[in-house]
Amino acid sequence: DTEVTQTPKHLVMGMTNKKSLKCEQHMGHRAMYWYKQKAKKPPELMFVYSYEKLSINESVPSRFSPECPNSSLLNLHLHALQPEDSALYLCASSQDPRPFQETQYFGPGTRLLVL
Amino acid sequence: AQSVTQPDIHITVSEGASLELRCNYSYGATPYLFWYVQSPGQGLQLLLKYFSGDTLVQGIKGFEAEFKRSQSSFNLRKPSVHWSDAAEYFCAVVPTDKLIFGTGTRLQVFP
């Protein structure tokens, strides 16, 4: 099983809402990632978790709050977002603790629209 | 500046024709190299990767890529394109500790 699942597939939220994106993998991978992808652009790294610890934060605004409850789950909590945060949010995972040298498996993404 | 360049924003080919998508990088040492494909509204799927060894790499779906150190290139090829290959293709590199994507090439396939 090389699947990374993400829920929900689509999300519409107002600027005062609080919502969460969820990501799950059962491949025993120890590194998990959040990427943001704007339309017609490549994915941009947001966060990396390695062994359930936050290892990289690419200067992401605090209105995005990641959480890794266990080795299979990764959440992204959203609060007070701006319309420019509308994008496709991709989760990925990889096996090795040297995350960027290993193949990353991507989920289908959550398409977020902030009104 | 260090970068990954995909010079072709949009390529159109006829079904059955051959395909080559270009990727160049500008990093001092040879980075780890990847090609990913993204269908509309979907996540990314790895086509192939190069870490070391044989410079001609075989991937899934009949794709291959050749690493050329002298040209700092990692071009993706397919001898005969199928309509289902229409998608966005991203070259990506890991120079040190981060996966960096090129800007992507959109492939359109005509019957």
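A brief structural summary. (Residues numbered from 1 in each chain as written. Chains lettered and ligands numbered in written order. Predicted model: local features only at pLDDT ≥ 70, side-chain atom pairs only at ≥ 80, totals over all residues. Heavy atoms only, no water.)

## Quick look at unusual backbone geometry
Residue and element names in this part refer to chain A.
Argument step 1. Residue Pro-8 follows Thr-7 across a cis peptide bond; omega there is -10°.
Argument step 2. The topology assignment puts Pro-8 in the loop between β1 (4-7) and β2 (10-13).
Argument step 3. Positioned with a positive phi, Tyr-51 is a non-glycine residue whose angle comes to about 50°.
Argument step 4. Structurally, Tyr-51 is set in the loop between β5 (44-50) and β6 (53-57). (Helix = DSSP H or I, 4+ residues; strand = E, 2+ residues; numbered from the N terminus.)

## Looking at the nonpolar core
Across soluble globular proteins, nonpolar side chains have a tendency to be buried as a group.
Argument step 1. Grouped together as the largest cluster of nonpolar side chains are 27 residues, with contacts concentrated most on Trp-35, Leu-48, Leu-76 and Tyr-89 of chain B.
Argument step 2. Counting only elements with at least two residues in this core, the list comes to β2 (10-14), β3 (19-21), β5 (32-38), β6 (44-50), β8 (64-68), β9 (73-78), β10 (87-94) and β12 (105-110) of chain B. (Core = buried A, V, L, I, M, F, W, Y, C linked by side-chain atoms within 4.5 Å. Buried < 20%, exposed > 50% of the residue type's maximum accessible area, 1.4 Å probe, protein only.)

## Some points on the layout of surface pockets
Argument step 1. Here the largest pocket defines a volume of roughly 410 Å³.
Argument step 2. In this structure, the largest pocket is lined by 23 residues; those nearest its centre are Phe-106 of chain A together with Gly-43, Leu-44, Gln-45 and Leu-46 of chain B.
Argument step 3. With four residues, β6 of chain B is the single largest residue contributor to the lining of the largest pocket. (1 Å grid on protein atoms, 1.4 Å probe; cavity = no way out; pocket = protein on both sides within 12 Å on 5 of 7 lines; lining within 4 Å. Points joined across faces, edges and corners; volume = space filled by probe spheres on them.)

## Focus on the pattern of salt bridges
Argument step 1. As enumerated under the stated definition, the model contains nine salt bridges over all chains in all.
Argument step 2. One salt bridge connects Arg-30 of chain A with Glu-52 of chain A, and the closest N-O pair in it is separated by 3.1 Å. Of this pair, Arg-30 of chain A sits in the loop between β3 (18-25) and β4 (31-37) while Glu-52 of chain A sits in the loop between β5 and β6, placing them 22 residues apart in sequence.
Argument step 3. One salt bridge connects Glu-58 of chain A with Lys-98 of chain B, and the closest N-O pair in it is separated by 2.9 Å. Within this pair, whereas Glu-58 of chain A is found in the loop between β6 and β7 (64-70), its partner Lys-98 of chain B is found in the loop between β10 and β11 (100-101), the two belonging to separate chains. (Salt bridge = Lys/Arg side-chain N within 4 Å of Asp/Glu carboxyl O.)

## Some remarks on the pairing of β4 of chain A
Taken residue by residue, a regular strand's side chains alternate between the two faces of the sheet.
All names here are of chain A.
Argument step 1. With seven of seven residues buried, β4 lies mostly within the body of the structure.
Argument step 2. Along β4, one buried face is formed by Ala-31, Tyr-33, Tyr-35 and Gln-37 and the opposite face, lined by Met-32, Trp-34 and Lys-36, is buried too.
Argument step 3. Two strands pair when backbone bridges link them, and β4 and β5 are joined in this way by six bridges, in the antiparallel orientation. Within β5, the residue paired with Ala-31 across the bridge is Ser-50.
Argument step 4. Turn length for the β4-β5 hairpin, with the two strands adjacent in sequence and antiparallel, is six residues, and the turn residue Lys-40 shows positive phi of about 60°. (Pairing = 2+ DSSP bridges.)

## Some details on the sheet that holds β7 of chain A
Residue and element names in this part refer to chain A.
Argument step 1. With antiparallel pairing, the four strands of this open sheet are ordered in space as β1-β3-β8-β7. The strands lining the two open edges of the sheet, one partner per strand, are β1 and β7. Put simply, the sheet's adjacent strands are angled 20° from each other on average, direction ignored. (Axes fitted to C-alpha atoms, helices over the stretch in contact; angles between N-to-C directions.)

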